[in-house]
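Analysis of the macromolecular model
One letter stands for each residue in the lines below.
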Amino acid sequence: MKVLVIGGDGYCGWATALYLSNRGYEVGILDNLIRRHWDDKLGVDTLTPIAPIQQRIRRWQELTGKSIDLFVGDITNYEFLSKTLHKFEPEAIVHFGEQRSAPYSMIDREHAVFTQVNNVVGTLNILYAMKEDFPDSHLVKLGTMGEYGTPNIDIEEGYITIEHNGRKDTLPYPKQPGSFYHLSKVHDSHNIHFACKIWGLRATDLNQGVVYGVLTEETGMDEMLINRLDYDGVFGTALNRFCIQAAIGHPLTVYGKGGQTRGFLDIRDTVRCMEIAIANPAEAGQFRVFNQFTELFSIGDLAMMVKKAGVAIGLDVEINHLQNPRVELEEHYFNAKNTKLLDLGLQPHYLSDSLLDSLLNFATKYKDRVDMNQILPTVSWRRG
Ligand SMILES: O=c1ccn([C@@H]2O[C@H](COP(=O)(O)OP(=O)(O)O[C@H]3O[C@H](CS(=O)(=O)O)[C@@H](O)[C@H](O)[C@H]3O)[C@@H](O)[C@H]2O)c(=O)[nH]1
């Protein structure tokens, strides 16, 4: 099966492209390489030294004999997108090609506008290109658990059945996202849902939680295939950041009380979930939603786990509760369903001491590349 991975040079996209290629899918990568440019503009770098995409793909072919087609360009340019789809003729389109950092979207007006235009227009272009020429291909779109926010009731997978004034309906689950980035994903979901309804397209929205880890079978094969690992205050995410902070002797940065609870998953499960979604396509006209995470943790509990694992390997780990730069609940109910991917065969890699151990050792290996000035959060959600 031919799968186009949009955003295939990023953290989830690169790991997914190689995983699918290894399993016999014919893979193309479409990417405008802008993620590397954002790092340059912010003056940050991934913990791991990543090779240019062309070298990565060449090395993959040398090692495995499998080729990956590369299309460098921007999906907000409809002509480029449409030409690429005609050249590659994908049966599934996996879409990771968005600005995915909440803090980046909250830097200022310009970054908020960029995030929403980039994400919403890119996805809308894909929907139109599918409607015009590829109405049978399956869109597998990266959404986010953050679309739901933190409601005081259980979170269902995409839809909730409500009884109101004696009548009953199954409706999209209410959305209460916590950043202009997370809002862009909500806007995408609405657009995709509508396109499925009016044009009969098939789509799966994967509401993913926070991803951790760095090694997959494929990216671990060779130094040239290494994946990116962000630790900075803008693109770094909770658990990965904590492991790198522990490795360099920086106190762990828990924002506020640390009772914020989120869904988490290992990057090895991200790639498998993508394959499961592709191998079991949505029906024509169906807008399907899966919640893509394997475990729930509070940020405070994660910090404690990293501290314990760090101390066990001889690191001195402190936990700091910083004033929260975000506006979010720091203690709340959170219970989200995640049975659909499990029902389709996902066998989770749950967070374990050995994973924390290997992530801490990995971070220690590259710790000389860390810029200490990039650890603390610099973007505030508040006015002034
Ligand atoms: O050093 C840190 C970093 C984060 N947090 C807290 O940890 C939680 C998660 O923050 P995060 O930066 O790890 O993740 P988030 O901003 O939510 O975004 C990430 O995780 C999302 C899934 S979810 O969180 O919405 O389920 C994806 O959509 C995004 O693309 C990805 O960047 C927040 O409450 C945040 O305040 C800390 O306490 N300390």
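Residues numbered from 1 in each chain as written. Predicted model: local features only at pLDDT ≥ 70, side-chain atom pairs only at ≥ 80, totals over all residues. Heavy atoms only, no water.

What follows is about a nonpolar patch on the surface. Taken together, the side chains of Tyr78, Leu124 and Tyr128 present a nonpolar region at the surface, about 250 Å² in accessible area. Here Leu124 lies in helix α6 (residues 109-133). (Patch = residues over 30% accessible without salt bridge, like charges linked within 9 Å, V, L, I, M, F, W, Y side chains within 5 Å. Areas by Shrake-Rupley, 256 points an atom, 1.4 Å probe, with all protein chains shown as cover. Salt bridge = Lys/Arg side-chain N within 4 Å of Asp/Glu carboxyl O. Helix = DSSP H or I, 4+ residues; strand = E, 2+ residues; numbered from the N terminus.)

Our focus in this paragraph is the sheet that holds strand β4 (residues 92-95). Each strand in a sheet pairs with its neighbour through backbone hydrogen bonds, running either in the same direction (parallel) or in the opposite one (antiparallel). The seven strands are arranged β3-β2-β1-β4-β5-β8-β12 in an open sheet whose pairing can be described as parallel. Unpaired on one side and paired on the other, β3 (69-72) and β12 (287-292) mark the two borders of the sheet. This sheet shows a mean twist of 20 degrees between the axes of neighbouring strands, independent of strand direction. Pairing between strand β8 (residues 202-208) and β12: six bridges, direction parallel. Residue pairing in the sheet places Leu206 in a bridge with Phe290 of β12. Relative to strand β5 (residues 138-144), α6 is tilted by about 165 degrees, and along the sheet it contacts β1 (2-6), β4, β5 and β8. Together, β1, β4, β5, β8 and β12 form the strand contacts of helix α9 (residues 267-279), whose direction differs from that of β5 by roughly 145 degrees. (Pairing = 2+ DSSP bridges. Axes fitted to C-alpha atoms, helices over the stretch in contact; angles between N-to-C directions. Contact = heavy atoms within 4.5 Å.)

The next subject is the packing of aromatic side chains. Applying the stated criterion across every chain, the model contains nine aromatic pairs. Pairing Trp38 with Tyr104 gives two aromatic rings, centres 5.4 Å apart and planes at 40 degrees, and the pair type is tilted. One end of the pair, Trp38, is in helix α2 (residues 34-42); the other, Tyr104, is in helix α5 (residues 102-105), and 66 residues separate them in sequence. Each member of the pair, Trp38 together with Tyr104, is buried. One aromatic cluster is present, built from ring pairs that chain together Trp38, Tyr104, Phe114 and Phe235. (Phe/Tyr/Trp six-rings, centres within 6.5 Å; stacked < 30°, edge-to-face > 60°. Buried < 20%, exposed > 50% of the residue type's maximum accessible area, 1.4 Å probe, protein only.)

Our next topic: the UniProt feature "domain: NAD-dependent epimerase/dehydratase" (unreviewed entry) in the protein. Per the UniProt record, "domain: NAD-dependent epimerase/dehydratase" (unreviewed entry) is found at residues 3-291. When the span residues 3-291 is considered, its composition is 40% helix and 21% strand, and the gap between its end C-alpha atoms is 22 Å. (UniProt positions renumbered as here; feature names shortened; annotations may be inferred.)

So, on to the packing of helix α1 (residues 11-22) against helix α3 (residues 53-64). The packing of two helices is summarised by the inter-axis angle and the distance between the axes. The contact between α1 and α3 brings their axes to 12 Å, and the two run at 25 degrees. Here α1 lies roughly parallel to α3, going by the angle between them. For α1 against α3, the interelement crossing comes out right-handed. Counting all contacts with α1, which are made through Trp14, Leu18, Ser21 and Asn22, the residues of α3 involved are Ile53, Arg56, Ile57 and Trp60. Looking at side-chain class alone, the contact of α1 with α3 contains five nonpolar, two polar and one charged residues. (Parallel < 35°, antiparallel > 145°, perpendicular 65-115°, else oblique. Left-handed = near helix turned anticlockwise from the far one by under 90°. Nonpolar A, V, L, I, M, F, W, Y, C, P; charged D, E, K, R; others polar.)

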